[in-house]
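Each chain, written out:
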Amino acid sequence: MSENAPGVAIEWSGLGPHLYQAVADEEIDLAFLGTDTPLPEGVVDEVLPPLRRYTFMRQGHPALDRWDRQAWLDWPHVMVGMSSAARQTVEAAVKRDGLDRRIGAHIPEFSGIAPLLASSNMLMTTAAPFVGGDIATYGLVVRHPPVEVPDITFRFFWSARLAADPGSKWVRDLVIDAYRWMCEATDVSGRVV
């Protein structure tokens, strides 16, 4: 990016409901959240293909000897603070089935998942791009969740007033293309047992 846009800097903002209005007010150029909240007027989006959720754990995890619904429930889970689309749909599936899942850790960022999983007996059920290259780096094992959890759908969104702005479009295209590449690069469907 520095060769194509010298002097351009990217600033990451924390997640939360404030993003919607900040995007509408052009305080934030581009945001990425679930499709669970209606967008305010003056904001446009690009809805992305749904992502399948998998359960990740460390190699040698005791649950691997008997990977079933009870094992998934018995071991503590990591929950990342994010939009309610990412969080509540798993919880809704658990409650729908009358199950009780134990949360062992709440962490604010996805970057902390893999190190935590690799050094504990915690589980994480999420989409592969949010674990990314850390799957291989930390040697995480990937399994289908033994409970029915829905796919998750995210979207990028931006101010409609910036939709035709060349600089804004360039940044959007760059980020969205990188996201798509990351989704392809972290396809774990062939590694699930």
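Quick notes on the rules
Residues numbered from 1 in each chain as written. Predicted model: local features only at pLDDT ≥ 70, side-chain atom pairs only at ≥ 80, totals over all residues. Heavy atoms only, no water. Pairing = 2+ DSSP bridges. Helix = DSSP H or I, 4+ residues; strand = E, 2+ residues; numbered from the N terminus. Axes fitted to C-alpha atoms, helices over the stretch in contact; angles between N-to-C directions. Contact = heavy atoms within 4.5 Å. Salt bridge = Lys/Arg side-chain N within 4 Å of Asp/Glu carboxyl O. Buried < 20%, exposed > 50% of the residue type's maximum accessible area, 1.4 Å probe, protein only.

Draft legend 1. Quick peek at the sheet that holds strand 1 (residues 31-34). Judged by pairing direction, the sheet is antiparallel, and its 3 strands sit side by side in the order 1-8-2 without closing on themselves. At either margin of the open sheet sits one strand with a lone partner, and together these are strand 1 and strand 2 (43-47). Along the sheet, successive strands turn relative to each other by an average axial angle of 35°, direction set aside. Bridging between strand 1 and strand 8 (residues 154-159) involves 4 bridges; their strand directions are antiparallel. Bridge assignment links phenylalanine 32 to a residue of strand 8, and that residue is phenylalanine 156. With respect to the sheet, helix 6 (residues 166-185) is in contact with strand 1, strand 2 and strand 8, its orientation differing from that of strand 8 by roughly 175°.

Draft legend 2. How the structure looks around the sheet that holds strand 6 (residues 124-127). Here 3 strands make up an open sheet; going across it, the order is 6-3-7 and the pairing antiparallel. Whereas interior strands pair on both sides, the edge strands pair on one side only; in this sheet they are strand 6 and strand 7 (141-143). Ignoring strand direction, the axes of neighbouring strands in this sheet form an average angle of 40°.

Draft legend 3. Structural view of the pattern of salt bridges. This structure, assessed with the given rule, holds 6 salt bridges. We note a salt bridge from glutamate 46 to arginine 180, for which the minimum N-O separation is 2.2 Å. Of this pair, glutamate 46 sits in strand 2 while arginine 180 sits in helix 6, and the two are 134 residues apart along the sequence. In this structure, the salt-bridge partner of aspartate 68 is arginine 66, at a minimum N-O distance of 3.0 Å. Look at aspartate 68 and you get partly exposed, because its relative accessible area is 27%. When its relative accessible area of 43% is taken as the criterion, arginine 66 is described as partly exposed. Members of the salt-bridge network, linked through shared partners, are Arg66, Asp68 and Asp74.

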